[in-house]
Amino acid sequence: MPRPLVFGNRRLLVCLDDRHRIRDLYWPRVGQSNHISGRAVAWGVWTEGSMSWTDGPEWIIAQGRVEGSLAGKSVLQNDALGLRLEAAEAIDPVRPCLVRRVTVVNLEPRPRSLRFFFNHELLIDESEIGNTAMYHPDLGGIVHYRQKVYAFFGLRGPAGPATRWATGPRRVGHFPGTWVQCAQGELNGSSMDVGAVDSTLGLDLELDALEETWLEWRLCMAEDLAAVENLAEWWNGIDFDAALTHQMDGESEWVSTNLAEKTDHLDEWQSERLRSSMLLIRTQVDAEGGILAGADSDTMTGNTLNYSNVWPRDAALVADALRSVGIHQEVDDSLEFGIRTLPENGLYRQKYWPDGTLGVSWHPMWWKGRKVLPIQVDETALMVWVASRRLMEPGAPQRLWPEMVAPALRGLESQIDDQGWPLPSWDLWEERRGVSFFAVCSILAAWAESERAAWIVGADPEPIRSRRLRLQEQCRARMLAADGAFVRQIDEDGQPDPTVDSALVAGLLLMPFDQMDDPAVRTTIQKVRDRIHEKSPSGGCARYEGDYYHRKDDRYPGSPWIISTLWLAQAALKFDRDIAEAERILGWIRRIEAPTGVLPESIHPVTAEPLSVSPLTWSHAELVRTLNMLAEVRASAEITSGRG
């Protein structure tokens, strides 16, 4: 299930599903320790003897955002109950606090007595062992805690804080949880329980005919009881309008960097999506620099494995997208993370946890009866690429060269054989070993950018240049097929793989061609367009022919991917300056995105419903890159035509 609403401030990350339930809660590291782990903060209303949870089918939910912000602005309506709930959410830019204000509208021409319930089920540090839930009378709410994680939940209305509460065992024996008490409209007042527990808060509201009133639900996270008490007391003294203004001011200040000249060349939707994608990406960047691939815990359904890791590949591409629009702090933080996690051999492993420890991986060290390095060489190359690009900008951390670029260049050199050709490693999609076109292009890009950066830092660029030119020649000799297009990979046995793959386009976008009109570029791109682009009712471009991942219909090459489709838009801009084609693809993005602007990894080829993780940080990075390229091409066209 996708996460259309995401709130984060680089310490606290909260994700809501499309039934307006909080399903992911990360603190104090973005992406590490999901204290809900896909369960839910569910809420609903009891009236006239029956309970209705807002995630039920009788509720029509329209989720949205405040324009120019990630603040939530949604409507939940139940015509049978005669109720409309207008929910707005805001997160503090610095403090780990989130507030939801609900305007409760009575649609009936008669007075109503309503009782709202909010249920909280936490697995603090992703464990059911040793949790405590307790009612805190001074704060008028519930505190859940375990070791160094404390979560405060508060509920209040015009008359004051919640007057009903319960704590108790959850999913233990014949105790399903305190939420079952809501069916009777009562809570038993139990003030503390331990182990696998949940809690529920209740609030009574009285409305006249066609009247509206309000309630607020609040969340604060801290490392000990005193700290969470202080935060809750501070938060209780702030009204919602002030909280919303604080969030929007903080977001506006961050996102406005260097954007005025960009948005002048974009239409209203494009400008809004540039801003919102930048903001969404920022929620996925931990304060210590780790860039999360995705926070949607529903990806754990099959094998309890999610996207809550830092891939150096994703991190490099996301960081470069932010760098391209003038964002430096988050980029530099990410590169500092790269310095901390670079192994002694100068070659990044597949994934890392946000705290910098080695992440989960499916790259083995023993493969087909022999020892192999469990790496994708493109991950190291892309980190060198983005670090070198950053080094050529003002204010770049100078330690990048000696502590990341130089040792990673030595690592890359160790993966080049005597003929100047890369040794086999895992491909971009992490599925097959060989020498992929994307890997070759990423190495060429790393060498091209580090060659330029070497002049800046006083290093000798000539050895880098020599290796780059040799590999560039070998790439054409080994990977250019008889039809004039590049092949996606040379397998471990030395055989070319002719499968048409969108990663070919991604490689071309990286490859430092001397001639932009090289016929092999257009031939390869056209082959991708002809074979895997817009081959299903949903439109978009598949990853590659016969893609098995989230395969839904064998009539089509595979499920359309956001990044694959946006690569074609970028290719149209880079190689042909074709604004019309790029805008046509952006129109497709607009059609398939969530109402809140969230983009998944891929979509169903027939229904266009989101598949896999949503939002995917990489998808939004490629949208930022595409919109930035569009703005630059438009600006250049205006100057050329004399309108600049």
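Here, every reference points to the structure presented above.
Residues numbered from 1 in each chain as written. Predicted model: local features only at pLDDT ≥ 70, side-chain atom pairs only at ≥ 80, totals over all residues. Heavy atoms only, no water.

J.: Teacher, can you tell me more about the overall build of the protein here?
T.: From N to C terminus, the protein includes 15 helices and 29 strands. At 26 Å, the protein has a C-alpha radius of gyration in line with the 26 Å of a compact globule built from 644 residues. Over its C-alpha atoms, taken along the principal directions, the protein stretches across nearly 80 × 50 × 50 Å. Counting only contacts in the protein whose residues sit at least 6 apart along the sequence, the fraction spanning at least 24 positions is 66%. As displayed, the protein has an accessible area near 23,900 Å², and 51% of this comes from carbon and sulfur atoms. (Helix = DSSP H or I, 4+ residues; strand = E, 2+ residues; numbered from the N terminus. Rg over C-alpha atoms; globule rule 2.2 N^0.38 Å. Contact = heavy atoms within 4.5 Å. Areas by Shrake-Rupley, 256 points an atom, 1.4 Å probe, with all protein chains shown as cover.)

J.: Could you clarify how one ought to interpret the layout of surface pockets in this entry?
T.: In this model, the largest pocket occupies a volume close to 720 Å³. Looking at the largest pocket, it is lined by 30 residues, and the ones nearest its centre are W385, R389, L509, K574 and M629. Of all the secondary-structure elements, those providing two or more residues to the lining of the largest pocket are α5 (312–324), α7 (377–391), α9 (437–457), α11 (503–510), α13 (562–576) and α15 (617–640). Sorting elements by how many residues they give to the lining of the largest pocket places α15 first, with 7 residues. A per-class count over the lining of the largest pocket returns 17 nonpolar, 3 polar and 10 charged. (1 Å grid on protein atoms, 1.4 Å probe; cavity = no way out; pocket = protein on both sides within 12 Å on 5 of 7 lines; lining within 4 Å. Points joined across faces, edges and corners; volume = space filled by probe spheres on them. Nonpolar A, V, L, I, M, F, W, Y, C, P; charged D, E, K, R; others polar.)

J.: What is the right way to look at the sheet that holds strand β22 (residues 425–426) in this model?
T.: Strand order in the open sheet formed by 4 strands is β22-β23-β24-β25, and the pairing between neighbours is antiparallel. Each edge of the sheet is formed by a strand with only one pairing partner; in this case those strands are β22 and β25 (496–497). Alignment of strand β24 (residues 489–491) against β25, held across 2 bridges, turns out to be antiparallel. Counterpart to Q489 in the pairing with β25 is D497. Strand contacts of α9: β23 (433–436) and β24, with the helix running at about 55° to β23, the strand carrying the most contacts. (Pairing = 2+ DSSP bridges. Axes fitted to C-alpha atoms, helices over the stretch in contact; angles between N-to-C directions.)

J.: Help me understand the pairing of strand β1 (residues 5–8) in this model?
T.: Successive residues of a regular strand alternate their side chains across the two faces of the sheet. Residue alternation in β1 divides its side chains into two sets, L5 and F7 and V6 and G8, and both sets are buried. Here 4 bridges tie β1 to strand β2 (residues 13–16), and the two strands are oriented antiparallel to one another. In the sheet register, F7 faces β2, and the bridge partner there is V14. Connecting the antiparallel pair β1 and β2 is a turn made up of 4 residues, with R10 showing a positive phi of about 75°. (Buried < 20%, exposed > 50% of the residue type's maximum accessible area, 1.4 Å probe, protein only.)

J.: Mind showing me how you'd approach the pairing of strand β13 (residues 141–146) here?
T.: Burial analysis of β13 places 5 of its 6 residues in the buried class, the great majority of the element. Bridge count between strand β12 (residues 131–136) and β13: 5 bridges; the pairing is antiparallel. Across the sheet, residue A133 finds its bridge partner in β13, namely H144. Count of turn residues in the β12/β13 antiparallel hairpin: 4 residues, of which G140 carries a positive phi of about 65°. One ladder, built from 6 bridges, connects β13 with strand β14 (residues 149–157); its direction is antiparallel. From the neighbouring strand, V143 faces β14, where its bridge partner is F152. Where β13 folds back onto β14 in an antiparallel hairpin, the turn is made up of 2 residues, including Q147, whose phi is positive at roughly 50°.

J.: Got a minute to help me understand the pattern of salt bridges in this structure?
T.: Side chains bearing opposite charge may pair, as long as their charged atoms lie close to each other. Evaluation of the coordinates by the stated rule reveals 66 salt bridges. With a shortest N-O distance of 3.1 Å, D55 and R21 are connected by a salt bridge. In this pair, D55 is assigned in the loop between β6 (50–53) and β7 (60–62) and R21 in the loop between β2 and β3 (22–29), connecting sequence segments 34 residues apart. D55 gets classed as partly exposed once you look at its relative accessible area, which sits at 27%. (Salt bridge = Lys/Arg side-chain N within 4 Å of Asp/Glu carboxyl O.)

J.: I tried to follow the side chain of Q270 on my own but got confused; where do I start?
T.: The residue Q270 is located in helix α4 (residues 268–283) in this model. A polar atom in the side chain of Q270 sits 3.1 Å from the side chain of R634. Excluding anything up to four places from it in sequence, Q270 contacts E583, L586, L627, L630 and R634. (Polar contact = N/O pair within 3.5 Å; in protein donor to acceptor, adjacent residues only side chain to side chain.)

J.: What am I meant to see in the side chain of S277 here?
T.: Its place among the elements puts S277 in helix α4. Of the polar contacts made by the side chain of S277, one reaches the side chain of H620; its length is 3.0 Å. Leave out the neighbours within four places in its chain, and S277 touches H620, L623 and V624.

J.: Please explain the environment of H550 as it appears in this structure.
T.: Position of H550 relative to the elements: it lies in the loop between β26 (541–542) and β27 (560–561). For H550, a relative accessible area of 27% puts it in the partly exposed group. Distance in space between the C-alpha atoms of H550 and L611 is 7.1 Å, their sequence separation being 61 residues. Other than its neighbours up to four places away in sequence, H550 contacts S559, L611 and S612.

J.: How should I be thinking about the nonpolar core in this particular structure?
T.: In globular proteins that are soluble, nonpolar side chains generally tend to be buried together. Counting 119 residues, the largest nonpolar core has M278, W401, F437, M479 and W567 as the members making the most contacts within it. The dominant element in this core, judged by the number of residues it contributes, is α9, at 12 residues. Excluding anything up to four places from it in sequence, F437 contacts C475, M479, F486, V487, R488, Q489, L504, G507, L508 and M511. (Core = buried A, V, L, I, M, F, W, Y, C linked by side-chain atoms within 4.5 Å.)

J.: I'm lost on helix α12 (residues 519–532) in this one. Help?
T.: Note that an α-helix has 3.6 residues per turn; residues three or four places apart therefore point the same way. Here α12 spans 20 Å end to end across 14 residues, near enough to the 20 Å set by a 1.5 Å rise per residue. Within α12 the residues assigned to the buried category are A520, V521, T524, I525, V528, R529 and I532. In the core, the buried residues of α12 are packed alongside α10 (462–479), α11, β26 and α13. Two residues or fewer after α12 comes E534, characterised by a positive phi angle close to 55°. (Expected span 1.5 Å × (residues − 1).)

J.: Sorry if this is basic, but what is going on with the environment of D314 here?
T.: Mapped onto the fold, D314 is located in helix α5. Residues D314 and M383, 69 residues apart in the sequence, show an inter-C-alpha distance of 9.6 Å. Setting aside its immediate chain neighbours within four residues, D314 contacts A293 and W618.

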